[in-house]
Amino acid sequence: MMRKKSVSASKASLVLFLCQMISALEVPLDSKLLEELSQPPTITQQSPKDYIVDPRENIVIQCEAKGKPPPSFSWTRNGTHFDIDKDAQVTMKPNSGTLVINIMNGGKAEAYEGVYQCTARNERGAAISNNIVIRPSRSPLWTKEKLEPNQVREGDSLVLHCRPPVGLPPPIIFWMDNAFQRLPQSERVSQGLNGDLYFSNVQPEDTREDYICYARFNHTQTIQQKQPISVKVFSMDSLNDTIAANLSDTDIYGAKPVTERQPVLLTPTGSTSTKVELRGNVLLLECIAAGLPTPVIRWIKEGGELPANRTFFENFKKTLKIIDVSEADSGNYKCIARNILGSAHHVISVTVKAAPYWITAPRNLVLSPGEDGTLICRANGNPKPNISWLANGVPIAIAPEDPSRKVDGDTIIFSHVQERSSAVYQCNASNEYGYLLANAFVNVLAEPPRILTSANKLYQVISDSPALLDCAYFGSPKPEIEWFKGVKGSILRGNEYIFHDNGTLEIPVAQKDSTGTYTCVARNELGKIQNEVQLEVKDPTMIIKQPEYKVVQRYGQVSFECIIKHDSTLLPTVIWLKDNDELPDDERFLVGKDNLTIMNVTDRDDGTYTCIVNTTLDSVSASAVLTVVAAPPTPAIIYARPNPPFDLELTGQLERSVELSWIPGDENNSPITNFVIEYEDGLHEPGVWHYQTEVPGTQTTVQLKLSPYVNYSFRVIAVNEIGRSQPSEPSEQYLTKSASPDENPSNVQGIGSEPDNLVITWESLKGFQSNGPGLQYKVSWRQKDVDDEWTSVIVANVSKYIVSGTPTFVPYEIKVQALNDLGYAPEPSEVIGHSGEDLPMVAPGNVQVHVVNSTLAKVHWDPVPLKTVRGHLQGYKVYYWKVQSLSRRSRRHVEKKILTFRGNKTFGMLPGLEPYSSYKLNVRVVNGKGEGPASPDKVFKTPEGVPSSPSFLKITNPTLDSLTLEWGSPTHPNGVLTSYILKFQPINNTHELGPLVEIRIPANESSLILKNLNYSTRYKFYFNAQTSVGSGSQITEEAVTIMDEAMASRQVDIATQGWFIGLMCAVALLILILLIVCFIRRNKGGKYPVKEKEDAHADPEIQPMKEDDGTFGEYSDAEDHKPLKKGSRTPSDRTVKKEDSDDSLVDYGEGVNGQFNEDGSFIGQYSGKKEKEPAEGNESSEAPSPVNAMNSFV
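Residues numbered from 1 in each chain as written. Predicted model: local features only at pLDDT ≥ 70, side-chain atom pairs only at ≥ 80, totals over all residues. Heavy atoms only, no water.

## Considerations on the overall build of the protein
The number of helices and strands found in the protein is eight helices and 85 strands. Looking at the protein alone, contacts between residues at least 24 apart form 65% of all its contacts between residues at least 6 apart. As displayed, the protein has an accessible area near 66100 Å², and 52% of this comes from carbon and sulfur atoms. (Helix = DSSP H or I, 4+ residues; strand = E, 2+ residues; numbered from the N terminus. Contact = heavy atoms within 4.5 Å. Areas by Shrake-Rupley, 256 points an atom, 1.4 Å probe, with all protein chains shown as cover.)

What follows is the structure, given as structure tokens:
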């Protein structure tokens, strides 16, 4: 007995030590360190145990593992070695154990059906996967059968049998008609769980010839159809007519009318049946009854209640559904079918069994040579599972012996281990309903100490605050840590220092003399190492002149001071707030170095102003209240806050109440509006005053409610429109008697921080809520939906308790009850919490990508089973990245993008893709713990798009009639360039555009010489690239051909000659005189000489137009037959030439080539044109000057 007790004590200390060791090794403080440490293999990803594959696609059996050195992989098939080198259809992925069986190139999935197991091995041990059963899905055709028409009398029951072919997995059954419309179902007509269609009673409208049963095989995405079934319902009226036609008048005829019938169960048959379901599954029980009227189904559980929140009714209450069943759901379930004529019932005896599930799964063990340890494997199930151990994949009974190892049922005990004791152990828990397999390694390491904290790291703290100096370390055996101050200082000891297990040195109250160099030394039997860090202690930041309470009259000025003192090496920043928010954006607020000034104060400025001083190490603040009052009517009246009340007295003391009275102080010309009563608890929070209540300003007594076990003092504050008075002097103290707590802690929660624990937290009761001395809490918990007793523990006045050894992510019922030396609080309410989450186990499957366009794709995936999420499902993350551009064929730095889709979504859009590129993506499920494994990378490609604009366009080497163009290819071609498009047109001096010329240039060209251009002419060029999709954005440039020197000289000479200037002046004067004469003659009216002459010698070709033909007579000079001047009259042929009309479309901007909208409306512009898009024609409505005319002459 004594020996057993000592073993248990050593186990407890060993477990505590191992937890520290494992946590130190598992935290990735230094990636280089972790890469150097040897580690046995660990399986990180594997295919599901029951793996149904699509026989048309390649079979991928996953097996991924990590270890140091990297592990090698091997496989067994049906218990024997699987030599993949001898099968050309089977390959193993590089640096992986994942098998790929090539079915799409001639292989047959049926040939690879079997049980597979993966082994990952390195020099430290071997880990094995689950037995992975590979079965190809099957979707067989319906067997041919001859279906006779169903002839049934109205009101009778009917069952249409589906009998679908046996597939893998089983198909989904549904009934439709020839038009592929689902047949309507109701309480009278419904589909059973076996796929048959049940009629509780048939009606004439049920007659049809196209009752068709469909079987959908989801795995292969195929649907099989049964031959149509015909149903003919004979109504009583039609039956009577048929009989009457065949009988004589003397015969008595008449079929029985439709008779009502009491319920009879169609399924299940008999009075009782049994059903076995597994724990955690969904229990489905069904009862379908015949009868007229249609029976109504009701469900009960004999001797108990149907479980709340897990019970659902489906198929018009004919199906009882209970989710996540447990052993407590075993029992007799009765369905009762009832109509107005009676009832029928059936009892189903349900037994819930359980495949093995973990209580304590074995965990990896890291030991030093000579140490002891244990591996524990505990599982439960119904029936209770059998526990067996393997070492490196071999049954432990025939594995190589290890003197340090001893197997004791579900525990392996290790004593005085050596490095050769490193191995991977497998625990197998199995019963007739399934098995669990877990790998856990024992890694024996001998490592000298290493310090992972950076050398000479600088720590800065404020004086009188704690200082934490890190010394992260690693070693095996666990090193001892010592601290020294200075290079040759003595070892640090005493109450002024705290030494943490992780190596951190804490100085609880750092002083200025704490500044200096500190040395951390780590040593074990294999070596010693040290590291130095620096500590600087700074002076605290202080506000030596704080803002003070101010009362200011409306429209006055006020200033708040905030003078600070700080450490000279720290740079402070000062921020002012009003009512804990930013200052108003108003120029009346002036912020100075040491003050805040408010000009022209208004009522809105009333409030609390806070000065906040921040440095990199600390922050201090001070506040003051500003009260804005109206200007007094006369200088003699002074408004101020009231004086404090006095002479406080307590009377009528009871256990839970007392009466307080007082005498008000002076109102100071502003009536008291109310009194505020505050209390101090001298027993729990001395010196802290709390709000109790407030009463109107006319009241000077109040009855106060009290709590037990509080040493009360009271004070009163008077309030008027100006503000609050100073508090009164405290009243005498009054200690109330103790009592048991009145309330329990609030905000009780249960959230696991690790996969194997449950952290129960609550908000502790405040001091006065304890109602008495000895405040404690009774923490109780039990696993939800499991027939377990409550487990309880009483803890001190804390706010957290950790339950260890819990299964991963299971619900718990939790309650926390307060108690003290006088008793318990009332029974607390229960809350539901969950033990800790673990990373999801599997990746989303069937990832598919649909490319919508060149920049957008849609990704689909199948949701992972909720059981494998092992936590609260938060959503899915899609990682995608560009592999390469298909046009450049050049790889670049891979920048992965992440999109998160919340909830149980199974698709998402990927925007912002680059055209004509190759992408990869994978999908991961996310819970509260983190991300699960990634799905296999999916490759997809985006189609071509239009290119970007050419990178540049340069125009060089101008000559009289040519220009040279050079350009750069688009930065983003977004596809294969097919050509370049060059458009150009001349621009005259009035910025009008000439005819547009377009040239197509091969995509492999980068320059072009344009010839036969006009000299001294400005051209505008538009240049863009094309792919097969279309044209990209264009780039524009302008250039000018050079001018002939002789012509330029002549132009300048003519334009500057005196005779030329005089001639232009004379022409202008003559035109002016002519216009004046014409204006005078037109205003005289009647016939004038020219008109008379016209009437006397009428030209037959120029006749006045008659009113009836809508024309008008016009003036013409018949003597000299001179051509009409521009803008004078219309010729006899009633045509308007372009050069003779001053009202043509030419003058409105675009001439005969003017543009019209799609609806035919004219869009030309009057004169003064701005630069337009390329268009033909360069006519101008302005008369060109001689110089311009010569410049534009060709």
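## Examining a nonpolar patch on the surface
Taken together, the side chains of Leu1069, Leu1072, Ile1073, Ile1076, Val1077, Phe1079 and Ile1080 define a hydrophobic patch exposed on the protein surface, amounting to about 680 Å² of accessible area. For Val1077, a relative accessible area of 39% translates into the label partly exposed. (Patch = residues over 30% accessible without salt bridge, like charges linked within 9 Å, V, L, I, M, F, W, Y side chains within 5 Å. Salt bridge = Lys/Arg side-chain N within 4 Å of Asp/Glu carboxyl O. Buried < 20%, exposed > 50% of the residue type's maximum accessible area, 1.4 Å probe, protein only.)

## Comments concerning unusual backbone geometry
The linkage connecting Leu168 with the following residue, Pro169, adopts the cis geometry, with an omega of -10°. Among the secondary structure elements, Pro169 is positioned in the loop between strand E13 (158-160) and strand E14 (172-176). Looking along the chain, the bond that leaves Thr267 and enters Pro268 is cis, with omega of -5°. Of note, the phi angle at Asn846 is positive, near 55°, even though the residue is not glycine.

## Observations regarding the sheet that holds strand E44 (residues 505-507)
Here we have three strands laid out as an open sheet, ordered E40-E44-E43, and antiparallel in their pairing. A strand with exactly one partner marks an edge of an open sheet, and here the two such strands are strand E40 (467-469) and strand E43 (498-499). In this sheet, E44 lies alongside E40 in antiparallel orientation, the contact comprising three bridges. Counted as the bridge partner of Leu469 is Leu505 from E44. (Pairing = 2+ DSSP bridges.)

## Here's the deal with the nonpolar core
Formed by 26 residues in total, the largest nonpolar core has its most connected members in Ile59, Ile61, Trp75, Ile101 and Tyr116. Among the secondary structure elements, those contributing two or more residues to this core are strand E3 (59-61), strand E4 (63-68), strand E5 (72-77), strand E8 (99-101), strand E9 (114-122) and strand E11 (132-136). A total of three residues in this core trace back to one element, the largest contributor, which is E9. With sequence-adjacent residues up to four places away left out, Ile59 is seen in contact with Val53, Leu99, Val100, Ile101, Ile103, Ala109, Tyr112 and Ile134. (Core = buried A, V, L, I, M, F, W, Y, C linked by side-chain atoms within 4.5 Å.)

## Side note on the pattern of salt bridges
In total, this model carries 38 salt bridges according to the counting rule given. A salt bridge links Lys538 to Glu536; its shortest N-O distance comes to 3.1 Å. When its relative accessible area of 8% is taken as the criterion, Lys538 is described as buried. Linked by salt bridges that have partners in common, Arg310, Asp329, Lys784 and Asp785 make up one network.

## A short note on the side chain of Asn771
Positionally, Asn771 belongs in the loop between strand E65 (757-763) and strand E66 (776-783). A polar contact is formed between the side chain of Asn771 and the backbone oxygen of Ser740, at a distance of 3.1 Å. (Polar contact = N/O pair within 3.5 Å; in protein donor to acceptor, adjacent residues only side chain to side chain.)

## Description of the state of the cysteines
This model, assessed by the stated rule, comprises six disulfides. One disulfide in the model links Cys377 with Cys427; its S-S distance is 1.7 Å. Taking the torsion about the S-S bond as the criterion, the Cys377 to Cys427 disulfide, at about -65°, is left-handed. Placement of the pair is Cys377 in the loop between strand E30 (373-376) and strand E31 (378-382) and Cys427 in strand E36 (residues 423-431), with a sequence separation of 50 residues. The burial state of Cys377 is the same as that of Cys427; both residues are buried. Across the protein, the way the bonded cysteines pair up, counted in sequence order, is 1-2, 3-4, 5-6, 7-8, 9-10, 11-12. (Disulfide = S-S within 2.5 Å.)

## Quick look at the sheet that holds strand E83 (residues 1007-1010)
In spatial order, the strands read E79-E80-E83; together these three strands make up an open sheet with antiparallel pairing. The open sheet terminates on both sides in strands that have one partner only, identified here as strand E79 (950-956) and E83. Adjacent strand axes in the sheet meet at a mean angle of 20° when their direction is disregarded. As paired elements, E79 and strand E80 (residues 963-970) share six bridges and run antiparallel to each other. Across the sheet, the residue bridging to Phe952 is Gly968, located in E80. (Axes fitted to C-alpha atoms, helices over the stretch in contact; angles between N-to-C directions.)

## Some points on the confidence of the model for the protein
Confidence along the protein averages 84 in pLDDT terms, with 84% of residues attaining 70 or more. Low pLDDT, under 50, characterises residues 1048-1052; the stretch is placed with three contacts to residues that sit more than four places away or in other chains. (pLDDT = per-residue confidence, 0-100.)

## Some remarks on the packing of aromatic side chains
Throughout the structure, instances matching the rule amount to 21 aromatic pairs. With a centroid separation of 5.3 Å and 10° between ring planes, the pair formed by Tyr980 and Phe1023 is classed as stacked. With Tyr980 in strand E81 (residues 979-987) and Phe1023 in strand E84 (residues 1018-1026), this pair connects stretches of sequence that are 43 residues apart. For the pair Tyr980 and Phe1023, one class covers both residues: buried. Across from the ring centre of Tyr435, 4.0 Å away, lies the NZ or CZ of Lys49, which sits over that ring. It is Arg208 that lies over the ring of Tyr211; its NZ or CZ is 5.8 Å from the centre. (Phe/Tyr/Trp six-rings, centres within 6.5 Å; stacked < 30°, edge-to-face > 60°. Lys NZ or Arg CZ within 6 Å of the ring centre and 35° of its normal.)

## Points about the side chain of Asp329
Note on placement: Asp329 falls in the loop between strand E26 (319-322) and strand E27 (331-339). When residues no more than four places from it in sequence are discounted, the contact partners of Asp329 are Lys301, Pro307, Arg310, Ile322, Asp324, Val350 and Val352.

## A few points about the environment of Ser918
Locating Ser918 in the fold gives a position in strand E77 (residues 917-926). For Ser918, a relative accessible area of 9% translates into the label buried. Separated by 25 residues in sequence, Ser918 and Pro943 have C-alpha atoms that sit 9.5 Å apart. Ignoring any residue separated from it by four or fewer positions in sequence, one finds Ser918 in contact with Trp881, Lys882, Val883, Gln884, Leu886, Val939, Phe940 and Lys941.

## As for the environment of Phe234
Within the secondary structure layout, Phe234 lies in strand E19 (residues 229-234). You can call Phe234 partly exposed: its relative accessible area is 27%. When the C-alpha atoms of Phe234 and Glu154 are compared, they prove to be 5.7 Å apart, with 80 residues separating the residues in sequence. Apart from the residues lying within four places of it in its own chain, the contact partners of Phe234 are Gln151, Val152, Arg153 and Glu154.

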